[in-house]
Protein chains: 2
Amino acid sequence: MEKSAKEGYGKVLGRLEQEILDVLWKSGPLNGKEIFSDIRRKRDLALTTVLTVIERLAKKGLVRKTRGESVYLFEAAYSRDGFAREVSQEVLKSIFDISRSGACASFVDMLARVDPVELEELSSMIEKKKKELERARG
Amino acid sequence: MEKSAKEGYGKVLGRLEQEILDVLWKSGPLNGKEIFSDIRRKRDLALTTVLTVIERLAKKGLVRKTRGESVYLFEAAYSRDGFAREVSQEVLKSIFDISRSGACASFVDMLARVDPVELEELSSMIEKKKKELERARG
DNA sequence: TTGACATTCTACGTATTGTCGAATATATTT
DNA sequence: AAATATATTCGACAATACGTAGAATGTCAA
């Protein structure tokens, strides 16, 4: 499955989109130019390029656009966590549809590789969820 | 985050691509026409449409194309589980990059909703993985 | 009113997927 | 082998998504 090298299967957002959201998650509401400046530090892009993509994100509902004094302000419509949750939801569902156990196995693998400590977290989340379910049933 | 309605964020494969793989996972190696017939049962498409997409899947390395007697045969290059694992890997990674805990939370939620029994499975997978890690460390 | 700056519009390039018909290649049948 | 049928490949067009950015337009303050 070499294709991964090129781009990867379930990419969630485009590169610039991702960068913009990252900026917004890092710093609060910003105007277009500020976002642009931040991104500019790493890459050479035209202001309008950044603006365009911000606009598209707004259209998708991922960025909120509000009128500041004399300038529009943008902020992420969802928290980092919230967004990850939302998106995971969809992505995972589509993977679950292919194979549940495959997805589980790979989830654990991934987590172990990327952040083993989080395995603990996950354990307790599961425990909590199980209790929750029991309670709901009785 | 309404966009989901339209298409969804981390879609792994296109519709027809998915359908074709499903057919191949269900039945072993098939020739183009057989795959076509199967898909045809649900949707009205031209033979060449299906052929084209099969060909693209082959080019992506997701389908293996072999010479049968007088006809090419196609089969999935990866098992359902293997594929799910591979793909999850990538997709999850990109979500993890956004937020680890968000992804975890949503994973547990999802699993609980879709297949609560599997929560047990997951628990043991984690335990196993933890031991594995300990052993590796010493 | 004239600049300077902010915002929107329009547009091109590339990629991916769905969709096919036309052309070509490969059997099969006389 | 010629004719016919079947299989396979090619090339195309449409839609969508994303990156990219110049041109056009809008806004406000001096």
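Worth saying up front: this structure is predicted, and the values here are computed from it rather than measured.

**Some thoughts on the pairing of strand E1 (residues 63-67) of chain A**
All names here are of chain A. By the bridge criterion, 5 bridges tie E1 to strand E2 (residues 72-76) in an arrangement that is antiparallel. Bridging across to E2, Lys65 finds its partner in Phe74. If you look at the hairpin formed by E1 and E2, you'll find 4 residues sitting between the two strands, and Ser70 has a positive phi there, around 70 degrees.

**Observations regarding the interface of chain A and chain B**
Accessible area lost on assembly of the parts is the figure often given for the size of an interface. Of the residues lining the interface, 62 residues belong to chain A; the matching set on chain B comes to 61 residues. For the pair chain A and chain B, the summed buried surface comes to about 6,000 Å²; carbon and sulfur atoms form 68% of the total. Inspection of the region where chain A meets chain B yields 6 salt bridges. Where Asp109 of chain A meets Lys129 of chain B, a salt bridge forms, and the shortest distance between an N and an O atom there is 3.1 Å. Taken together, the links from chain A to chain B amount to 13 residue pairs in polar contact (both at pLDDT 80 or more). Going through the elements one at a time, helix H1 (15-26), helix H4 (80-98), helix H5 (100-114) and helix H6 (118-137) of chain A are the ones with two or more residues in the side of chain A that touches chain B. It is H4 of chain A that contributes the most residues to the side of chain A that touches chain B, 19 residues altogether. Here the residues of the side of chain A that touches chain B sort into 30 nonpolar, 13 polar and 19 charged.

**Quick notes on the confidence of the model for chain A**
All names here are of chain A. Confidence along chain A averages 87 in pLDDT terms, with 93% of residues attaining 70 or more. When mean pLDDT is taken per element in chain A, helix H3 (residues 47-60) scores highest with 97 and H4 scores lowest with 81. Low pLDDT, under 50, characterises residues 1-6; the predicted model gives this stretch 11 contacts beyond four residues in sequence or across chains.

Criteria and cut-off values
Residues numbered from 1 in each chain as written. Chains lettered and ligands numbered in written order. Predicted model: local features only at pLDDT ≥ 70, side-chain atom pairs only at ≥ 80, totals over all residues. Heavy atoms only, no water. Pairing = 2+ DSSP bridges. Helix = DSSP H or I, 4+ residues; strand = E, 2+ residues; numbered from the N terminus. Contact = heavy atoms within 4.5 Å. Buried area = accessible area lost by both parts, 1.4 Å probe. Salt bridge = Lys/Arg side-chain N within 4 Å of Asp/Glu carboxyl O. Polar contact = N/O pair within 3.5 Å; in protein donor to acceptor, adjacent residues only side chain to side chain. Nonpolar A, V, L, I, M, F, W, Y, C, P; charged D, E, K, R; others polar. pLDDT = per-residue confidence, 0-100.

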